[in-house]
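Chain by chain, the residues:
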Amino acid sequence: MRVKKVLTAIFPVAGLGTRFLPATKSIPKEIMTLVDRPLIQYAIDEARAAGIKEFIFVTSRGKSALEDYFDSAPELESTLKKSGKEDLLEVLKGTNMDSGAIVYIRQNRPLGLGHAVWCARRLIGDEPFAVLLPDDVIAAEKPCLQQMVEAYAETGGNMVAAMEVAPERTSSYGVLNIGEDMGQIVKVKGMVEKPKAGTAPSNLAVIGRYILSPKVMTNLNRMKQGTGGEIQLTDAIADEVADGNVFGYRFCGQRYDCGSKAGFLQATVAFGLSRPDLRDEFSAYLHDMAASQKTA
Ligand code: G1P
């Protein structure tokens, strides 16, 4: 199938991050670090690996640290250069964005994820686009969005990342009603945002990676209020199922919910252990810690 390339990604980062107060009183949640990189850097790296060239951040008041993070830092760079710290200069380079490659849009009222995405409508035009929710950090050999872009080349339409969750957890997610299960890819015949306990159509949950057609943006124009009184992205995608245009993609990888404290801690341990420079010392520590917990 010939599909248009996905070159633009939207990163909704307007949330207040209240679950991480007081830390988020003065720093955006997306700047909180997993080992030594802010959450948002993981999402950006994943988008880049998938071929994304334009990055749209939907922000809100109090998020200016995010803009600074992606700007060049001339003083820091020249200090590192003078002291011959080439490795750190390389690390810094990965955070710089070319002028014009990154756009910030304000969502001035918290009306929901669908509304946040809709705020970027004028920049999307008639092109497909990706949406990445930085709270969902996915460790994978091939980055999740890249896996999806490859699958999308075969399906076209709209694609959402999907993962089986425990039945008692479905009420925290968008949940897919499966039309046809083809293994890694499922054809979707319905989607429900945060279904009430016992009413979920399956336990296949939507995880925060999407490839969407511009039609979804048009659907968002209706500003339909959904679960929690919010304008839900799930509903705007669900409007497309009748045309057989929505697919769920069971990605390969481990997802961490960094929007929750427990998920953030799990991700910290997993990413710490995956780092060659930390692995030995950190795993020895965890080992001793686990042993001392047992004897206590
Ligand atoms: C959002 C989406 C939901 C999805 C989830 C994945 O919910 O609305 O459909 O399953 O992200 O993390 P949130 O967690 O922002 O409430």
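Notes on the structure in this doc start here. (Residues numbered from 1 in each chain as written. Predicted model: local features only at pLDDT ≥ 70, side-chain atom pairs only at ≥ 80, totals over all residues. Heavy atoms only, no water.)

## Things to note about the packing of aromatic side chains
Inspection of the entire model under this criterion finds eight aromatic pairs. Here the aromatic rings of Phe 11 and Phe 55 are separated by 6.1 Å at their centres, their planes lie at 20 degrees, and the arrangement is stacked. Taken together, the residues Phe 11 in strand β1 (residues 8-12) and Phe 55 in strand β4 (residues 54-59) connect sequence positions 44 residues apart. Measuring from centroid to centroid gives 5.6 Å for Phe 57 and Tyr 104, while their planes differ by 40 degrees, and the two rings are tilted. (Phe/Tyr/Trp six-rings, centres within 6.5 Å; stacked < 30°, edge-to-face > 60°. Helix = DSSP H or I, 4+ residues; strand = E, 2+ residues; numbered from the N terminus.)

## Details of the environment of Ser 172
Positionally, Ser 172 belongs in the loop between β8 (158-164) and β9 (174-181). Taking the C-alpha atoms as reference, Ser 172 lies 8.3 Å from Glu 193; in sequence the two are 21 residues apart.

## Side note on the environment of Leu 273
The residue Leu 273 is located in helix α10 (residues 261-273) in this model. Judged by its relative accessible area of 29%, Leu 273 is partly exposed. If we skip the residues at most four places from it in the chain, Leu 273 touches Arg 279, Phe 282, Ser 283 and Leu 286. (Buried < 20%, exposed > 50% of the residue type's maximum accessible area, 1.4 Å probe, protein only. Contact = heavy atoms within 4.5 Å.)

## Looking at the pattern of salt bridges
Across all of its chains, the model carries 16 salt bridges by this definition. One salt bridge connects Arg 209 with Glu 46, and the closest N-O pair in it is separated by 2.8 Å. Here Glu 46 lies in helix α1 (residues 39-49) and Arg 209 lies in strand β11 (residues 204-212), a separation of 163 residues in the sequence. According to the relative accessible area criterion, Glu 46 is buried, its value standing at 5%. A salt bridge links Lys 224 to Asp 239; its shortest N-O distance comes to 3.6 Å. (Salt bridge = Lys/Arg side-chain N within 4 Å of Asp/Glu carboxyl O.)

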